[in-house]
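Read off the chains here:
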Amino acid sequence: MGFIPRVPEDKGVLRLLAMVVNQLRSSNIPVIRLSDFPLESGNIKREFINFIGNNFESIIASDITSPDAGARIIDDKLKGYEPYRIGTRIATSIFLYSFSGGGTRNGATIRDIKMACLEPEIPMSIIDEALNSMIERLFYIHRQVDLYYFSGEANLNSIVLRKKENIKDEDVREEERRLLGEITGKKIFSVYIWPSSTSDVPDDMKLKLVIPGNAEECSSFLEYKGENPRVYRNTMIFLVEDDAHRHQLVDHIKTRLAWMAVESDRQLSLTDEQKREVKDKIKALTEENREKIRNLYRIVLVPSSRSGLERLDLGMPTYGADIKVDYEIKSKLMEEDKLLESMEPVIIERRYLEGDYIETGRILKSLYTTPGAMRITSQEVLADAIRRGVKKGIFGLGVLDGEPQCTHLGEDCTVSLKPPEIIVNPELCEKCPPDTIEVNVSELEKLAREEKTTREILEEYTEKYREKGCEPEKVEEKLRETIAEGVRAGRFRVDGRELPEFTPDEKLQPLEGDVDATDGEGPIREIELEFSTSLDNMFDIIKIKKAINEDFLNLDAVAEIRIVASDGEMNGEKYGKILETFEQLGIQLKKSIRR
């Protein structure tokens, strides 16, 4: 018994050995090893404690022999190996090695432990697994380099346990809220964590992610904002707990806070190795934060058309993936067709255009107010779908001015989603409204100087308005009216006739003496200037206009401006404000293209 340094004489050793042999003689053990030592026997334990000290009686009980001892828990944890009591045998072996005599160092190496517990049926990997678990669970076991040993001083596990018992519920709650803030972003939804009342969540068209303190509060938040009924119910999305994981999160938070308390406790005299262990443990627990909080908060509730809330399960989080939960929710909703980033125009036509027209603002409001309706990521989704629907001719775009008026069909357009804007049944839309074809006398006067035939002019205008759906007959009618107007005004002539016949040889001719006045002498009675220039020169152009206006009563100056911008990015909200500015200035865009 060289492992007992305080045995005064051989009789004590022999008496202890006799008691062990007597205890084990009825067993089938061929050779008595240290792991067979029956520490659970009261007589043997007391005899042994006489040599090592009474303070070890409670240590043996708490770590090795009592029903809730760490070694016993490990016995039961190793499924399939319970009869071998591997945890108890390893702990017993280490305990006995911890009192080596004869000047040798106290403790057992991994080789010593495996030799003491060797069984043909037990793989060495199981002993390694049990030993690793023991370091985590037992309170008085220690490890120094390659030695494992018991001592009368508690290890970090015991210190952490005491710190953990002092963690307050409000500290756990505060940490849980902090972790919720870490896993939620604010780029997709407006996030509200544990709002104290329904008034804390706005009633507007923005998509909201509400994480209530209690899942039973969801119905109240859905139906009310303060004392008033909530209008935009379809914007509400809830994230609630899966109660089965509540205990795991609370234990994780308490354990992490306890280790942090150990690190900050300046009254503890920790070795350098223990300080490293504390830092490593905190780091490992911190890396588990997202997984633990996300395991608990995994149930999504969305308003349903069948009344109430529909339940969606996000499932277990992807290991190691640092993804904000709002992105997971967005992906899940899109996967279940509960959220749309784009919309087909035909859906708008089938669901909303039941009559001759419907206000676009009414469609938008319906999407956000009707529980279970199509949920869109932004208003631009609807605006884009309407633009594409008008371009394809599925419906027209117009205004409600007493009666519905169609202004766009089969062409690009700008959508505001504000009154009096409407979408219109395409059957009510003329393909070529009266104001579409524009023929200017001044333009024809210029063509007259070029001595173009009326047939050539007709072909040019016909082709120009063909893309806008205008029939050639309507183009010819408008051109004939404008030529007649120019002839009556003395601006040009048509082979001596007032109305053109558009024959191949018929020309539009300037009147005799109708030449550029700058070539002759005397006062100038009419000026016509056409040019292209950069917007940077607009200030000087305005000064020229003012100078001309000083001498002429009738001045018609119209600027056609084309803006093309590329090599950059602009968000939809800013683009919408630019279009609103055009509307406020009374400028109707002939073309509005965005890609």
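Bear in mind that the values here come from a model prediction, so they are computed numbers and not experimental data.

Peer 1: Just checking my understanding: could you explain the sheet that holds strand β7 (residues 236–241) for this structure?
Peer 2: Strands belonging to one sheet form pairs held by backbone hydrogen bonds; the direction of such a pair is parallel or antiparallel. The strand order β3-β4-β7-β8-β9 describes an open sheet built from five strands, whose pairing is mixed. At either margin of the open sheet sits one strand with a lone partner, and together these are β3 (190–193) and β9 (309–313). Taken over all neighbouring pairs, the strand axes of this sheet differ in orientation by 25 degrees on average, direction set aside. The pairing of β3 with strand β4 (residues 208–211) spans four bridges and is classified as parallel. Bridged to I193 within β4 is I211.

Peer 1: Which parts of the structure should I look at to understand the packing of aromatic side chains?
Peer 2: Within a pair of aromatic rings, the relevant descriptors are the distance that separates the centres and the angle that separates the planes. Summed over all chains, the structure comprises five aromatic pairs. Plain terms: the ring middles of F56 and F95 are 6.0 Å apart, the flat faces sit at 80 degrees to each other, and that makes the pair edge-to-face. Pair noted here: F56 is in helix α3 (residues 56–65) and F95 is in helix α5 (residues 86–97), with a separation of 39 residues, a long-range link. There is no split in this pair, since F56 and F95 are both buried. The interplanar angle of 45 degrees and the centroid separation of 6.4 Å between the aromatic rings of Y81 and Y84 together place this pair among those described as tilted. Site record: aromatic cluster; members linked through ring pairs are F56, F95, F99 and F150. Against the face of W194 rests R173, its NZ or CZ located 3.7 Å from the ring centre.

Peer 1: Sorry, what's going on with the state of the cysteines here?
Peer 2: Two cysteines, two sulfur atoms, one covalent bond between them: this is a disulfide. Under the defined criterion, the tally for this structure stands at one disulfide. Free cysteine C413: the closest other cysteine sulfur is in C406, separated by 9.8 Å. Given the relative accessible area of 4%, C413 is considered buried.

Peer 1: Looking at this structure, I do not really get the packing of helix α9 (residues 169–183) against helix α13 (residues 289–296). What am I missing?
Peer 2: The geometry of a pair of packed helices is captured by two quantities: the angle between their axes and the separation between those axes. It is the contact of α9 with α13, at a shortest axis distance of 10 Å, that shows an interaxial angle of 95 degrees. The angle between α9 and α13 falls in the class roughly perpendicular. Here E176, R178, L179, L180 and I183 of α9 lie close against α13, whose contacting residues are N289, R290, I293 and L296. Here the residues of the contact of α9 with α13 are counted per class, giving five nonpolar, one polar and three charged.

Peer 1: Could you clarify how one ought to interpret the pattern of salt bridges in this entry?
Peer 2: Within the structure shown, the criterion is met by 30 salt bridges. R89 is the partner of D36 in a salt bridge, and the nearest nitrogen-oxygen pair spans 3.6 Å. Residue D36 is found in the loop between α1 (10–24) and α2 (42–52), and its partner R89 is found in helix α5; the two are separated by 53 residues along the sequence. An identical accessibility class is assigned to D36 and R89; each is buried. It is possible to trace a salt-bridge network through shared partners that takes in R33, D36, R89 and E119.

Peer 1: How do you make sense of the sheet that holds strand β10 (residues 357–359) when you look at a structure like this?
Peer 2: Taken together, the four strands give an open sheet; going across it, the order is β10-β13-β11-β12, and neighbouring strands pair in antiparallel fashion. Unpaired on one side and paired on the other, β10 and β12 (403–408) mark the two borders of the sheet. Looking at each pair of strands side by side, their axes are set apart by 40 degrees on average, direction ignored.

Peer 1: Sorry if this is basic, but what is going on with the nonpolar core here?
Peer 2: Note that soluble globular proteins tend to have their nonpolar side chains buried in a common cluster. Counting residues in hydrophobic clusters, the biggest one holds 40 residues, and the most contacted among them are F48, I90, I94, F95, I113, M134 and F150. Residues within four places of I113 in sequence aside, it is in contact with I90, I94, A108, I127, L131 and Y148. Listed in part, the 28 residues of the second largest apolar core include W194, L257, Y297 and L312.

Peer 1: Is there a simple way to think about a nonpolar patch on the surface in this case?
Peer 2: A contiguous nonpolar surface patch, about 400 Å² in accessible area, is contributed by I524, I527, L529 and F531. Structurally, I524 can be placed in the loop between β15 (508–509) and α21 (538–549). Relative accessible area serves as the criterion here: at 40%, I524 is assigned to the partly exposed category.

Peer 1: I would appreciate a short explanation of helix α18 (residues 441–449) in the present structure.
Peer 2: Given 3.6 residues to a turn, an α-helix orients residues that are three or four positions apart in the same direction. When α18 is considered as a whole, its buried residues turn out to be V441, L444, E445, L447 and A448. All buried residues of α18 project into a common sector of 160 degrees when viewed along the axis, lining one side. In this fold, the buried residues of α18 make contact with α19 (454–466), α20 (472–488) and β15. Just downstream of α18, E451 is the residue with a positive phi angle, here 55 degrees.

Peer 1: Could you clarify how one ought to interpret a negative patch on the surface in this entry?
Peer 2: Negative charge collects at one region of the surface, where D169, E170, D171 and E174 lie side by side. Considering the arrangement of structural elements, one finds E170 in helix α9.

Peer 1: Could you clarify how one ought to interpret the confidence of the model for the protein in this entry?
Peer 2: A low pLDDT score tells you not to read the predicted coordinates there in detail. Chain-level pLDDT for the protein is 86 on average; 94% of the residues reach the 70-or-more range. This model gives residues 1–7 a pLDDT under 50, and the stretch forms 26 contacts once residues within four places in sequence are excluded.

Peer 1: Could you clarify how one ought to interpret the environment of E411 in this entry?
Peer 2: With respect to the helices and strands, E411 occurs in the loop between β12 and β13 (421–424). Sequence separation between E411 and V300 is 111 residues, and the spatial gap between their C-alpha atoms is 41 Å. In contact with E411, other than residues within four places in its own chain, are V390 and K391. A polar atom in the side chain of E411 sits 2.9 Å from the side chain of H408.

Peer 1: Teacher, can you tell me more about the packing of α5 against helix α7 (residues 124–137) here?
Peer 2: Where α5 contacts α7, the two axes come as close as 10 Å, and the packing angle between them is 70 degrees. With respect to α7, the element α5 is oriented roughly perpendicular. Contacts between α5 and α7 involve I86, G87, I90, A91 and I94 on the former and, on the latter, I126, I127, A130, L131 and M134.

Peer 1: Just checking my understanding: could you explain the pairing of β9 for this structure?
Peer 2: Each regular strand shows side chains that alternate between the opposite faces of the sheet. Bridge analysis of strand β8 (residues 297–303) against β9 gives five bridges, and the strand direction is antiparallel. Looking across to β9, one finds that I299 is bridged to D313. Hairpin connection, β8 to β9: the antiparallel pair is bridged by five residues, and S307 has positive phi, about 75 degrees.

Peer 1: Whenever I open this one, unusual backbone geometry confuses me. Can you help?
Peer 2: What is expected of a backbone is that most residues other than glycine have negative phi and most peptide bonds are trans. Cis peptide bonds are those with omega within 30 degrees of zero, and the linkage from P419 to P420 qualifies with 5 degrees. Among the secondary structure elements, P420 is positioned in the loop between β12 and β13. Of note, the phi angle at L417 is positive, near 60 degrees, even though the residue is not glycine. Residue placement: L417 occurs in the loop between β12 and β13.

Calculation criteria
- Residues numbered from 1 in each chain as written.
- Predicted model: local features only at pLDDT ≥ 70, side-chain atom pairs only at ≥ 80, totals over all residues.
- Heavy atoms only, no water.
- Pairing = 2+ DSSP bridges.
- Helix = DSSP H or I, 4+ residues; strand = E, 2+ residues; numbered from the N terminus.
- Axes fitted to C-alpha atoms, helices over the stretch in contact; angles between N-to-C directions.
- Phe/Tyr/Trp six-rings, centres within 6.5 Å; stacked < 30°, edge-to-face > 60°.
- Buried < 20%, exposed > 50% of the residue type's maximum accessible area, 1.4 Å probe, protein only.
- Lys NZ or Arg CZ within 6 Å of the ring centre and 35° of its normal.
- Disulfide = S-S within 2.5 Å.
- Parallel < 35°, antiparallel > 145°, perpendicular 65-115°, else oblique.
- Contact = heavy atoms within 4.5 Å.
- Nonpolar A, V, L, I, M, F, W, Y, C, P; charged D, E, K, R; others polar.
- Salt bridge = Lys/Arg side-chain N within 4 Å of Asp/Glu carboxyl O.
- Core = buried A, V, L, I, M, F, W, Y, C linked by side-chain atoms within 4.5 Å.
- Patch = residues over 30% accessible without salt bridge, like charges linked within 9 Å, V, L, I, M, F, W, Y side chains within 5 Å.
- Areas by Shrake-Rupley, 256 points an atom, 1.4 Å probe, with all protein chains shown as cover.
- Arc of directions from axis to C-beta.
- Lys, Arg positive; Asp, Glu negative; His and termini not counted.
- Charge placed at Lys NZ, Arg CZ, Asp CG, Glu CD.
- pLDDT = per-residue confidence, 0-100.
- Polar contact = N/O pair within 3.5 Å; in protein donor to acceptor, adjacent residues only side chain to side chain.

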